[in-house]
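The residues making up each chain are set out below.
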Amino acid sequence: MGFSAGGVWTELAREAVASLRSQGRRSLLALLGVMIGSASIVALMSFAHIARTEVMSRFKAVGVDTVQISPDTGGENWLEPALIHAVMASDPRVAVTAPLAVSRATVRIGDAATSASVAAISPEALDMLKLGVSQGRDLTQIDGCNGAAVIGARTARETRARPGDQAFIGGYGYQVVGILPVVAPQALNPVSPDETVFIGLGCARRVMTREGFSHALVRVQPDIDPSEWGAALQKQMQSRGQPVKTVTPREMIEAMKSQMNLMSAILIAIGSVSLLVGGVGVMNVMLMSVMERRREIGLRAAIGATPSEIVFIFIVEAVALSLGGGFLGALAGVGMTTLGCLVLPISFAFDPSVMLWGTGIAGAVGLVFGIHPAVSAARILPVEALRAD
């Protein structure tokens, strides 16, 4: 047998796979252990990918060219409307400005009452946040302070609200003109849409305990870097006696990516524990195989098989066993993720790389745990093997 004879190595690989088949139940149990570990890794990685996709979709809904502004005084003062309008109107880099004021109050509709966020908001802000009603109509420019209100899905459910109902907030009556569908929490949105009542910006003083704006959303021109513009605005507002904080989607995305990468690493580490247990099972199978096949190993060595060829046989067995379990586990992991998405309020998103990771890591585990049995087999002396038999 020579290393240059490629056909010999192919035949050795076939013999290794045939040996696994002959071991029957023992190989099946080892494969099952690897399969469970691979399924754990793939399922955890898939859920991490889905979470990342969900988060990124929320940023896309707002747009990466949007900046959220809020006061940075640490006190009771909100953003001064006159100053905000003057600064934004004089800045050619600003495309749209949408101020809003947020508070909390008791909302009463008929006999039902609940505590909810109240957001006095402009139509521009609703458009920037992509908030559209499922029943009734949206707030428009004519709804400055005419008593119109749009209610989030959860608040509407708790108060059994319908378009046309009368809602009382802070002693003032509002007519429900629209109801939002269920909306996931949004990036740069200071309120949860599902638990909020939206009224016209002109009605802010009826409900808010403070004057001014609690936040402002600003969309800059497409060729402007939002982070650089936000930093410049902070300096400008500080010089005018109105310290502000700015948050951009890019900053939040970078922070979120860092957190997601850390979470993915932790999940992979947790899943790898199960895979290591499967690797131990593979090593046990291979060690038992070496003990039972001492005569075969001795005969191979006696007729000229080199130690490297013997090592190759047992390494192929270990890797084939692990790769088979890893691939089946990867399929099972994707299936588990799909079932989980049917139960949980999330959308399934398939990442092909998790299949490669699940199968590849399982193969690597098989390689590592197969080295010791393979080397042990190669060290068996032909004379001792035949004599022991």
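Here, the structure is the one placed above.
This report concerns the structure included in the present document. Given the structure is predicted, the values throughout are model-derived calculations rather than measurements.

**Observations regarding the overall build of the protein chain**
Point 1. Along the backbone of the protein chain there are 12 helices and 10 strands.
Point 2. Scored against the burial criterion, the 389 residues of the protein chain give a buried share of 46%.
Point 3. With an accessible surface of roughly 18,700 Å², the protein chain has 60% of that area assigned to carbon and sulfur atoms.

**With respect to the packing of helix α8 (residues 249–292) against helix α11 (residues 353–378)**
Point 1. Here α8 crosses α11 at 30°, and the two axes come no closer than 9 Å. Here α8 lies roughly parallel to α11, going by the angle between them. Here the hand of the crossing between α8 and α11 comes out right-handed. Two secondary-structure elements touch here, α8 through Leu275, Leu276, Gly279, Val280, Met283, Met286, Leu287 and Val290 and α11 through Ile361, Ala362, Val365, Phe369, His372, Pro373 and Ala377.
Point 2. Tallied by class, residues from the contact of α8 with α11 come to 13 nonpolar, 2 polar and no charged.

**Remarks on a nonpolar patch on the surface**
Point 1. A cluster of nonpolar side chains, Leu339, Leu342, Val343 and Leu344, forms an exposed patch at the surface whose accessible area comes to about 460 Å².
Point 2. Note on placement: Leu344 falls in the loop between α10 (307–343) and α11.

**Regarding α8**
Residues spaced three or four apart along an α-helix face the same direction, because each turn holds 3.6 residues.
Point 1. Taking 1.5 Å per residue, 44 residues should reach 64 Å; α8 reaches 62 Å between its end C-alpha atoms and fits that length.
Point 2. Maximal helix bending in α8 amounts to about 25°, located at Val273.

**Overview of the side chain of Gln68**
Point 1. Among the structural elements, Gln68 can be located in strand β1 (residues 66–71).
Point 2. Beyond its immediate chain neighbours, meaning those up to four positions away, Gln68 contacts Leu188, Asn189, Pro190, His215, Ala216, Leu217, Lys245, Thr246 and Val247.

**Remarks on the state of the cysteines**
Point 1. For the structure on display, the rule yields 1 disulfide.
Point 2. Between Cys145 and Cys203 runs a disulfide, and the two sulfur atoms are separated by 2.3 Å. Around the S-S axis, the bridge from Cys145 to Cys203 shows a dihedral of about 110° and counts as right-handed. With Cys145 in the loop between β4 (135–136) and β5 (148–151) and Cys203 in the loop between β8 (196–200) and α6 (204–207), this pair connects stretches of sequence that are 58 residues apart.
Point 3. The class for Cys145 is partly exposed, based on a relative accessible area of 35%.
Point 4. Since its relative accessible area comes to 1%, Cys203 is described here as buried.

**Structural notes on the side chain of Thr155**
Point 1. Examined against the element boundaries, Thr155 turns out to sit in helix α5 (residues 153–159).
Point 2. Other than its neighbours up to four places away in sequence, Thr155 contacts Thr114, Ala116, Asp194, Glu195, Thr196 and Val197.

**Focus: the pattern of salt bridges**
Point 1. The final tally for this structure, using the stated rule, is 5 salt bridges.
Point 2. The partner of Asp91 in a salt bridge is Arg93, with the nearest N and O atoms 3.0 Å apart.
Point 3. Since its relative accessible area comes to 33%, Arg93 is described here as partly exposed.
Point 4. We note a salt bridge from Asp143 to Arg137, for which the minimum N-O separation is 2.8 Å.

**Focus on the environment of Pro193**
Point 1. Take Pro193: it is sitting in the loop between β7 (172–179) and β8.
Point 2. For Pro193, a relative accessible area of 0% corresponds to the buried category.
Point 3. Sequence separation between Pro193 and Leu129 is 64 residues; the distance between their C-alpha atoms is 9.8 Å.
Point 4. Excluding residues within four positions of it along the chain, Pro193 makes contact with Leu131, Gly152, Leu180, Val183, Ala184, Gln186 and Phe198.

What counts and how
Residues numbered from 1 in each chain as written. Predicted model: local features only at pLDDT ≥ 70, side-chain atom pairs only at ≥ 80, totals over all residues. Heavy atoms only, no water. Helix = DSSP H or I, 4+ residues; strand = E, 2+ residues; numbered from the N terminus. Buried < 20%, exposed > 50% of the residue type's maximum accessible area, 1.4 Å probe, protein only. Areas by Shrake-Rupley, 256 points an atom, 1.4 Å probe, with all protein chains shown as cover. Axes fitted to C-alpha atoms, helices over the stretch in contact; angles between N-to-C directions. Parallel < 35°, antiparallel > 145°, perpendicular 65-115°, else oblique. Left-handed = near helix turned anticlockwise from the far one by under 90°. Contact = heavy atoms within 4.5 Å. Nonpolar A, V, L, I, M, F, W, Y, C, P; charged D, E, K, R; others polar. Patch = residues over 30% accessible without salt bridge, like charges linked within 9 Å, V, L, I, M, F, W, Y side chains within 5 Å. Salt bridge = Lys/Arg side-chain N within 4 Å of Asp/Glu carboxyl O. Expected span 1.5 Å × (residues − 1). Bend = angle between axes of the 7 residues up to and from the residue. Disulfide = S-S within 2.5 Å.

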